[in-house]
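Structural features, examined
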Amino acid sequence: DARVTQTPRHKVTEMGQEVTMRCQPILGHNTVFWYRQTMMQGLELLAYFRNRAPLDDSGMPKDRFSAEMPDATLATLKIQPSEPRDSAVYFCASGLSAGNTGELFFGEGSRLTVL
Amino acid sequence: ELKVEQNPLFLSMQEGKNYTIYCNYSTTSDRLYWYRQDPGKSLESLFVLLSNGAVKQEGRLMASLDTKARLSTLHITAAVHDLSATYFCAVDSNYKLTFGKGTLLTVNP
């Protein structure tokens, strides 16, 4: 059963610490998205990769957030230094681009709490 | 910038009743998606609508798309408690999905 896998599922950390979240997209998918979900803002797009190339990270605070795709099976989202306002659920989603439905498949999310 | 608006944001229904959730969007697109999210869970794809006039049905849920009006509807027929969840619409722009705020649906006995 193909699925998007995210780790960690839960993370509690202190302000100022580095946080790294990882995502394994569905095998064969060529697009990867990072979304952040909060009660106040809903689902916000942070970064978007196609064929491992970053296409859009305009939704991401550049001074502390970074997103990479070192290979086709791994996407990472890093926060350094973390702040309490970063507390949220971070979802990774993958899909196929042109020639397909464009449907995205979501992972279970990484729930981050920054104290 | 693409904006996606859902209404209502909160919906409390009686079992057995019908209701419709609306999704309006601000720029041209002919690809729209509906997702369901249970509390503390991931987003599950419900419907993929890829053209004007598209209609999809699954059980008590039916989704439609009017690209000219930039409007999609999610119609609930004879609601049951199991449908209680948050429903999101998402609109495609250059293979990037923008989500609405979600509609929290509660179905009461």
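Below or above, wherever it landed, is the structure these notes cover.

So, about the nonpolar core. For soluble globular proteins, the rule of thumb is that nonpolar side chains tend to be buried together. By size, the foremost hydrophobic cluster in this structure holds 25 residues, and its most contacted members are Leu32(B), Trp34(B), Leu74(B), Ile76(B), Tyr87(B) and Leu105(B). At the level of elements, strand E2 (10–14), strand E3 (19–25), strand E4 (32–37), strand E5 (43–49), strand E7 (61–66), strand E8 (71–76), strand E9 (85–93) and strand E11 (103–108) of chain B are the ones that each hand at least two residues to this core. Excluding residues within four positions of it along the chain, Leu74(B) makes contact with Tyr19(B), Thr20(B), Ile21(B), Trp34(B), Phe47(B), Leu61(B), Met62(B), Ala63(B) and Tyr87(B). Val32(A), Ala47(A), Ala75(A) and Val114(A) belong to the second largest nonpolar core, which has 22 residues in total.

Attention now goes to the sheet that holds strand E7 (residues 65–71) of chain A. Strands pair in a sheet through their backbones, by hydrogen bonds, and they do so in one of two ways: parallel or antiparallel. Residues and elements named next belong to chain A. The antiparallel open sheet is built from four strands, whose spatial order is E1-E3-E8-E7. A strand with exactly one partner marks an edge of an open sheet, and here the two such strands are strand E1 (5–7) and E7. Sheet twist, expressed as the average angle between the axes of neighbouring strands with direction ignored, equals 20°.

What follows deals with the interface of chain B and chain A. As a measure of interface size, the accessible area lost when the parts come together is often cited. The interface is formed by 18 residues belonging to chain B together with 24 residues belonging to chain A. Roughly 1,700 Å² is buried in total at the junction of chain B and chain A, and carbon and sulfur atoms are behind 54% of that figure. Of all residues in chain B, the largest losses of buried area upon contact with chain A belong to Ser42(B), Tyr95(B) and Lys96(B), amounting jointly to 32% of the total for that side. For the pair chain B and chain A, the number of links is one salt bridge. With its nearest N and O atoms 2.5 Å apart, the salt bridge here joins Lys96(B) to Asp56(A). Those elements that provide at least two residues to the side of chain B that touches chain A are E4, E5 and strand E10 (96–99) of chain B.

So, how was this worked out
Residues numbered from 1 in each chain as written. Chains lettered and ligands numbered in written order. Predicted model: local features only at pLDDT ≥ 70, side-chain atom pairs only at ≥ 80, totals over all residues. Heavy atoms only, no water. Core = buried A, V, L, I, M, F, W, Y, C linked by side-chain atoms within 4.5 Å. Buried < 20%, exposed > 50% of the residue type's maximum accessible area, 1.4 Å probe, protein only. Helix = DSSP H or I, 4+ residues; strand = E, 2+ residues; numbered from the N terminus. Contact = heavy atoms within 4.5 Å. Pairing = 2+ DSSP bridges. Axes fitted to C-alpha atoms, helices over the stretch in contact; angles between N-to-C directions. Buried area = accessible area lost by both parts, 1.4 Å probe. Salt bridge = Lys/Arg side-chain N within 4 Å of Asp/Glu carboxyl O.

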